[in-house]
Amino acid sequence: MFVGERLSDEKFKEVADNNLKSALENSSFTLKERTKYFKKKLKKEYFFELTIEMIIIVFFIIYGFYHG
């Protein structure tokens, strides 16, 4: 793909697929290793948010039982 070249939707999808295939084939990590890494990363990044959300949900459930 050339810089500034306009692509139709179909051509864009084809180029994007080729870029993804190329990136996967030339990577030093396997797909399984990358998946495992990103799952671990997301768990670390969103642990605090998930904890707060669970506390709020439990609070509203308990509040609903006492004032329902």
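The coordinates are above.
Residues numbered from 1 in each chain as written. Predicted model: local features only at pLDDT ≥ 70, side-chain atom pairs only at ≥ 80, totals over all residues. Heavy atoms only, no water.

1. Here we look at the overall build of the protein
Item 1. Looking only at helices and strands, the protein features two helices and zero strands.
Item 2. A globule of 68 residues ought to have a C-alpha radius of gyration of about 11 Å, yet the protein, at 22 Å, is considerably larger.
Item 3. Taking the principal axes of its C-alpha atoms as reference, the protein extends roughly 65 × 30 × 15 Å.
Item 4. Burial analysis of the protein (68 residues in total) assigns 3% to the buried set.
Item 5. If you sum the accessible surface of the protein, you get close to 7,100 Å²; carbon and sulfur atoms cover 65% of it.
Item 6. When the 12 positive and 10 negative side-chain charges of the protein are each reduced to one mean point, those points stand 8 Å apart. (Helix = DSSP H or I, 4+ residues; strand = E, 2+ residues; numbered from the N terminus. Rg over C-alpha atoms; globule rule 2.2 N^0.38 Å. Buried < 20%, exposed > 50% of the residue type's maximum accessible area, 1.4 Å probe, protein only. Areas by Shrake-Rupley, 256 points an atom, 1.4 Å probe, with all protein chains shown as cover. Lys, Arg positive; Asp, Glu negative; His and termini not counted. Charge placed at Lys NZ, Arg CZ, Asp CG, Glu CD.)

2. Looking at helix 2 (residues 31-67)
Item 1. Counted at 1.5 Å a residue, the expected span for helix 2 with its 37 residues is 54 Å, and the 50 Å between its end C-alpha atoms agrees.
Item 2. Roughly 55 degrees is the biggest bend found in helix 2, and it falls at Tyr46. (Expected span 1.5 Å × (residues − 1). Bend = angle between axes of the 7 residues up to and from the residue.)

3. A look at the side chain of Arg34
Item 1. Mapped onto the elements of the fold, Arg34 is located in helix 2.
Item 2. Among buried charged residues, Arg34 stands out as having no salt bridge; its nearest opposite-charge side chain is Glu33, 6.9 Å away.
Item 3. From its side chain, Arg34 meets the backbone oxygen of Phe29 in a polar contact 2.8 Å long.
Item 4. The contacts of Arg34, once residues within four sequence positions are left out, are Leu24, Ser27 and Phe29. (Salt bridge = Lys/Arg side-chain N within 4 Å of Asp/Glu carboxyl O. Polar contact = N/O pair within 3.5 Å; in protein donor to acceptor, adjacent residues only side chain to side chain. Contact = heavy atoms within 4.5 Å.)

4. Let's talk about the packing of aromatic side chains
Each aromatic ring pair is specified by the distance between its two centres and by the angle formed by the two planes.
Item 1. Going through the model one piece at a time under the given rule, you end up with three aromatic pairs.
Item 2. Where Tyr37 meets Phe38, the ring centres are 5.0 Å apart and the plane angle is 70 degrees; that geometry is what we call edge-to-face.
Item 3. Centre to centre, the rings of Phe59 and Phe60 are 5.5 Å apart; their planes meet at 65 degrees, and the pair counts as edge-to-face.
Item 4. One aromatic cluster is present, formed by Phe59, Phe60 and Tyr63 through successive ring pairs. (Phe/Tyr/Trp six-rings, centres within 6.5 Å; stacked < 30°, edge-to-face > 60°.)

5. Observations concerning a positive patch on the surface
Item 1. Residues Lys32, Lys36, Lys40 and Lys44 make up a contiguous surface patch of positive charge.
Item 2. Within the element layout of this structure, Lys44 appears in helix 2.
Item 3. Owing to a relative accessible area of 64%, Lys44 belongs among the exposed residues under this scheme. (Patch = residues over 30% accessible without salt bridge, like charges linked within 9 Å, V, L, I, M, F, W, Y side chains within 5 Å.)

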